[in-house]
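Reading the structure
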Amino acid sequence: MPQPNPRRRRAALALALPLGASLALAAPALASTPSSASAGGPPLSDCRLSPEAPLHEMRGVWIASVANIDWPSQPGLSPQEAQAELLAWYDEAAASGLNSVFVQVRPTADTFWPSELEPSSAWITGEQGADFGGWDPMAFAVEEAHARGLDFHAWFNPYRITLTGTDPSVLAEDHPARVHPDWAVPYGGKLYYDPGVPAVREHTTAVIMEAVERYDIDGVHFDDYFYPYPVAGEEFPDDASFAEFGGDFEDRGDWRRDNVNRLIEGLDRQIGQTKPHVAFGVSPFAVWRNAGTDPEGSDTTAGAQTYDDLYADTRLWVRQEWLDYVLPQVYWAIGFEPAAYDVLVPWWSEQVDGTDVALWIGQATYKVGTSTQSPEWSDPQEMVRHLDLNEQHPQVTGDVYFSAKDVRANRLDHWPLLQQVHYTNPALPPALHPGTTAEVEAPSKVKARGTADGTRLSWRHAGDDAGFAVYRVDDARGPGRLSCEDLDEDSLVAVLGTGDRSWTDTEGDKHDVYVVTALSTDNTQSAPSRPVRGR
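Residues numbered from 1 in each chain as written. Predicted model: local features only at pLDDT ≥ 70, side-chain atom pairs only at ≥ 80, totals over all residues. Heavy atoms only, no water.

1. Details of the overall build of the protein
Quick note on the threshold: Each helix is a run of H or I in the DSSP string that is no shorter than four residues. Each strand is a run of E no shorter than two, and both are numbered from the N terminus. Between the two quantities, the radius of gyration covers C-alpha atoms and the globule rule is 2.2 Å times the number of residues to the power 0.38. Buried means the residue's accessible area, taken with a 1.4 Å probe over protein chains only, is under 20% of the maximum for its type, while exposed means over 50%, and partly exposed covers the values in between. Residue-level accessible areas treat just the shown protein chains as cover; the underlying method is Shrake-Rupley with a 1.4 Å probe. Positive: Lys, Arg. Negative: Asp, Glu. His and the chain ends are not part of the count. By convention, the charge on Lys lies at NZ, on Arg at CZ, on Asp at CG and on Glu at CD.
Helix and strand counts for the protein come out as 15 helices and 17 strands. The C-alpha radius of gyration of the protein comes to 24 Å, within 12% of the 24 Å expected for a compact globule of 535 residues. By principal-axis analysis of the C-alpha atoms, the protein measures approximately 75 × 55 × 50 Å. Across the 535 residues that make up the protein, the buried fraction comes to 57%. Approximately 21,400 Å² of the protein is accessible, and the part contributed by carbon and sulfur atoms is 48%. In the protein, 40 side chains carry a positive charge and 80 a negative one; their mean positions are 7 Å apart.

2. A word on helix α5 (residues 137–147)
Rule in force here: When checking whether two residues touch, look at their non-hydrogen atoms; a contact exists if any pair is within 4.5 Å. Definition of a polar contact: a pair of N or O atoms within 3.5 Å, with one able to donate and the other able to accept a hydrogen when the atoms are protein atoms, and with sequence-neighbouring residues admitted only if both atoms are side-chain atoms.
Counting buried positions along α5 yields 8 of 11 residues, so the element is predominantly enclosed. Along α5, the positions that sit buried rather than exposed are P137, M138, F140, A141, V142, E144, A145 and H146. In this fold, the buried residues of α5 make contact with α3 (79–95), β2 (100–106), α4 (122–125), β3 (151–156) and α7 (198–214). In this structure D136 caps α5, since a side-chain oxygen of it lies 3.1 Å from the backbone nitrogen of M138.

3. Observations regarding the state of the cysteines
Convention followed: Only a pair of cysteine sulfur atoms within 2.5 Å counts as a disulfide in this structure description.
Applying the stated criterion across every chain, the model contains 1 disulfide. Bridging C47 to C484, the disulfide has an S-S length of 2.1 Å. Within this pair, whereas C47 is found in the loop between α2 (18–26) and β1 (58–63), its partner C484 is found in the loop between β13 (467–474) and β14 (492–496), the two being separated by 437 residues in sequence. Per residue, the accessibility class of C47 equals that of C484, and both read buried.

4. Description of the layout of surface pockets
Put simply, the rule is: Site definitions follow a grid-based scheme: protein atoms alone, a 1 Å grid, a 1.4 Å probe that fits but cannot get out for cavities, and for pockets an open set with protein on both sides within 12 Å along at least five of seven lines, plus lining residues having an atom within 4 Å of a point. Grid points are joined across faces, edges and corners, and a volume is the space filled by probe spheres set on the points. Ten residue types, Ala, Val, Leu, Ile, Met, Phe, Trp, Tyr, Cys and Pro, are classed as nonpolar, four, Asp, Glu, Lys and Arg, as charged, and the remainder, Gly among them, as polar.
Of the volumes computed, that of the second largest pocket is approximately 620 Å³. At the level of secondary structure, the elements contributing two or more residues to the lining of the second largest pocket comprise α3, β14 and β15 (502–505). Top contributing element to the lining of the second largest pocket by residue count: β14, with 5 residues. Residue classes in the lining of the second largest pocket are distributed as 14 nonpolar, 10 polar and 6 charged.

5. As for the sheet that holds strand β7 (residues 279–282)
Where strands meet in a sheet, backbone hydrogen bonds hold them as pairs that are either parallel or antiparallel. Our working rule: In this description, strands pair whenever DSSP reports at least two bridges between them.
The strand order around the closed barrel formed by 8 strands is β1-β2-β3-β6-β7-β8-β9-β10, and the pairing between neighbours is parallel. Alignment of β3 against strand β6 (residues 219–222), held across 4 bridges, turns out to be parallel. Bridging from a neighbouring strand, F156 pairs with F222 of β6.

6. Concerning the sheet that holds strand β16 (residues 512–519)
If you walk across this open sheet you meet the 4 strands as β14-β13-β16-β17, and the pairing is antiparallel. Looking at the sheet topology across the chains shown, the edges are occupied by β14 and β17 (532–533). Pairing of β13 with β14 involves 4 bridges; the strand directions are antiparallel. Within the sheet, the bridge partner assigned to V470 lies in β14 and is A494.

7. Here we look at helix α15 (residues 414–422)
We apply this condition: By construction, the arc corresponds to the directions joining the helix axis to the C-beta atoms.
Within α15, burial applies to H414, W415, L418 and H422. Each buried residue of α15 lies within a common arc of 95 degrees when the element is viewed along its axis, so the set occupies one face. Looking at the buried side of α15, the elements it contacts are β1, α13 (382–390), β10 (396–401) and α14 (404–409).

8. Here's the deal with the nonpolar core
The following threshold applies: Nonpolar core, defined: a set of buried Ala, Val, Leu, Ile, Met, Phe, Trp, Tyr and Cys residues in which side-chain atoms within 4.5 Å join the residues together.
Grouped together as the largest cluster of nonpolar side chains are 118 residues, with contacts concentrated most on W71, Y90, V101, F152, F222 and I264. Ignoring any residue separated from it by four or fewer positions in sequence, one finds W71 in contact with I63, A64, S65, A82, E85, L86, W89, V103, F112, I124, W135 and P137. Of all hydrophobic cores here, the second largest spans 16 residues; its members include L49, L55, A469 and L487.

9. Examining the pairing of β16
The buried count for β16 comes to 8 of 8 residues, which makes it a mostly enclosed element. Neither face of β16 is exposed, since D512, Y514, V516 and A518 on one face and V513, V515, T517 and L519 on the opposite face are all buried. With 2 bridges joining them, β16 and β17 adopt antiparallel strand pairing. Across the sheet, residue V513 finds its bridge partner in β17, namely R533.

10. What about empty space enclosed by the protein?
This structure, assessed with the given rule, holds 4 cavities of 30 Å³ or more. Around the largest cavity, the lining comprises 13 residues; the ones closest to its centre are D151, D218, H277, P430 and N523. Broken down by class, the residue content of the lining of the largest cavity amounts to 5 nonpolar, 5 polar and 3 charged. Within this model, the second largest cavity holds a volume of roughly 60 Å³.

11. Topic: the packing of aromatic side chains
Note the following rule: Any pair of Phe, Tyr and Trp rings, taking the six-membered ring for Trp, is counted once the centres come within 6.5 Å. Such a pair is stacked with planes under 30 degrees apart, edge-to-face with planes over 60 apart, and tilted for the rest. Whether a charge sits over a ring comes down to the Lys NZ or Arg CZ being within 6 Å of the ring centre and within 35 degrees of the ring normal.
Under the criterion given, the structure shown has 25 aromatic pairs. Within the aromatic cluster, the residues linked to one another by ring pairs are W62, F102, Y331, Y366 and F402. Seen from the ring of W89, R408 lies directly overhead, with NZ or CZ sitting 3.6 Å from the centre.

12. Here's the deal with the confidence of the model for the protein
Where the model shows low pLDDT, its predicted coordinates should not be examined in detail. What counts here: Per-residue confidence from the predictor is given as pLDDT, running between 0 and 100.
Here the protein shows a mean pLDDT of 92. Residues at 70 or above account for 92%. Confidence drops under a pLDDT of 50 for residues 6–39, and excluding neighbours within four residues, the segment shows 63 contacts in the predicted structure.

13. A short note on the pattern of salt bridges
Let me state the cut-off plainly: Any Lys or Arg side-chain nitrogen located within 4 Å of an Asp or Glu carboxyl oxygen qualifies as a salt bridge.
In this structure the tally under the stated criterion is 20 salt bridges. Residue D254 is joined to R257 by a salt bridge in which the shortest nitrogen-to-oxygen separation is 2.9 Å. In this pair, D254 and R257 both sit in helix α9 (residues 252–274), 3 residues apart, roughly one turn of the helix. Look at D254 and you get partly exposed, because its relative accessible area is 34%. Taking the relative accessible area as the measure of exposure, R257 reaches 9% and is therefore buried. In this structure, R385 engages D379 in a salt bridge whose closest nitrogen and oxygen atoms are separated by 2.8 Å. A relative accessible area of 33% means that R385 is categorised as partly exposed.

14. Concerning unusual backbone geometry
Here the amide bond leading from A53 into P54 is cis, since omega sits at 5 degrees, within 30 degrees of zero. Examined against the element boundaries, P54 turns out to sit in the loop between α2 and β1. For N68, which is not glycine, the phi torsion reads 55 degrees and is therefore positive. Inspection of the secondary structure puts N68 in the loop between β1 and α3. Positive phi values are uncommon outside glycine, yet Y311 reaches one of about 60 degrees. Residue placement: Y311 occurs in the loop between α10 (306–310) and α11 (314–319).

Take a look at the structure:
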C-alpha cells in the first residue's frame, strides 16, 4: 500500500522553530518598547504571522487556452497581441480581488513553451510545432503574473492529443504520438494517449517536470480529464495495452485506476523532490461516487462518477496526500437535486478533514445568467450564497472561477455583489509549503507622505523576487503600540508584486498606521517593517 506523502508535514515541522526564532531576531526596532504593545497580543518585534486562512486564501481564475476559450483569443496572434491580451486578463483578475491564475499551458499534448519533448501548441502559434516568434509565452506569463502579485499555476491536460479528429497525420511531424503510434488511441472522435502504456506516463511526467524545472511556477494543475468521459456505444480501445501491461489485474477498471494513480503519485514525488514549494493539485468532477453506488459516496445521483467513469480515485489521492489541494468542480446550484452544492461541499470537507490537503471549490461562473441552466443561476446572489455556505466549513480555504471570460462578462452584475460581501479586502495567496524556500528580509526605510491621490508609501528591500503585503490599522494609539494581532485579514489592504517598492492608499486618513511585509516564494511573510503613521 502506498504511503502518504510526508512533504507537507516535514515542511511544517521545519518551520516551527527556526522561522519563529529568526523572525524575532530579524524584526526591526520599534519606536517604543515591547511593553507598550496593545494588550491584544505580542509586539511586532515578536511577530510570526501565520501562513493560514483567512489571511491566506485561494481566489483564483482559470484562463483556458484550448479552443481559444480565454487566451489567446485566436491562434496565430502576433507576440505583441498575445501579450497584451494576457496582461489584460491579469489586470482584470487583480482588479476583481483575485490572487491566482490557472493558465492552461499544455491543452492538447502541445506546449506554451519551447519544449524539447513536445511541439508548440497550435492554439497559440496557429500551427502545431511552429516557432513562437521570438518569445517564450510561459516565461512571459509567469513573470507578469508575479509582477502583479498573482500566483501562477500551470495547467496541464495529461492525456488528450486532439480536440477533434483522429488522424495523426494532422499533428506536427515530430509529435510523440506520430513517433510512437502505439501510444495513441482514437476514442469519441478524438485522439488520446493511452494511460495504460507505461511510456506514456513517463513521457507525460517528463513534459510537466520540464516546465517545473525551467520556470518559477507556483503550482502544477490538472482539471477533470483523465480517462475520457464515456461515449455511448463505444469502449475505450485499450485491449492491447491491457494484454501487455495488465499484469495480475483481473478487473480492467482497477487496472485503469492504478495507471492514473501511478501518474499522480509519481508527479507528487518528483515535484516535491525538485521544488518542494510548488503546489500540486487536481480539479476533478465533483462526484467521486454516488451514494447509490457506494455508501461512502455523496448523496447525489450524478450521471458521471470520477471513480467509475474517468478512473480517477480522487478520494484515495486525498487520503494518501498525493495532492497538496483538491479543487472539486462543484458546478451546481444550492438545492439542485441530482448534485447539490450544499451536499457536495460538506462531503468534500469531510474527505479532507484530518489530512494535509487543502480544499478549494471550483465555481461555475459560466452558468450565471445563462438561460440554458437551472433557474437558480438567474439570481445574481447565487454565487454569493455559495461562498456564504463555504464559510460554514472551515476546511474550505478558497475558490477558483471558470472561466476568465465569464468573470469579465459579469452577467447579472453578480461579481460586484460577490466582491462587496466576500472580497472587500485582498487576501494573500495560499502558503501550502511554508518554510520550503529561503526567508526574506523585512522591508526597510518605510516612509509615508501625503499626495493629491492619498498616502504614498515607499520602502526599500534587497532582492528582486519578493512580493509585498501592506497593512493599514486605524489606530490613534501610535505606531509603537501595534501588536501582531493587528495584522490580520481585515487590516490587509494591498498585495503587491515583485519589483514594487511603493503604493498609494487612496482611502487612508490621519489615524492610519501602516506596516509592510515581504513575501517569499512559498508565500510566507517576513518580519513586519517598522510601522509608520500616515500623512
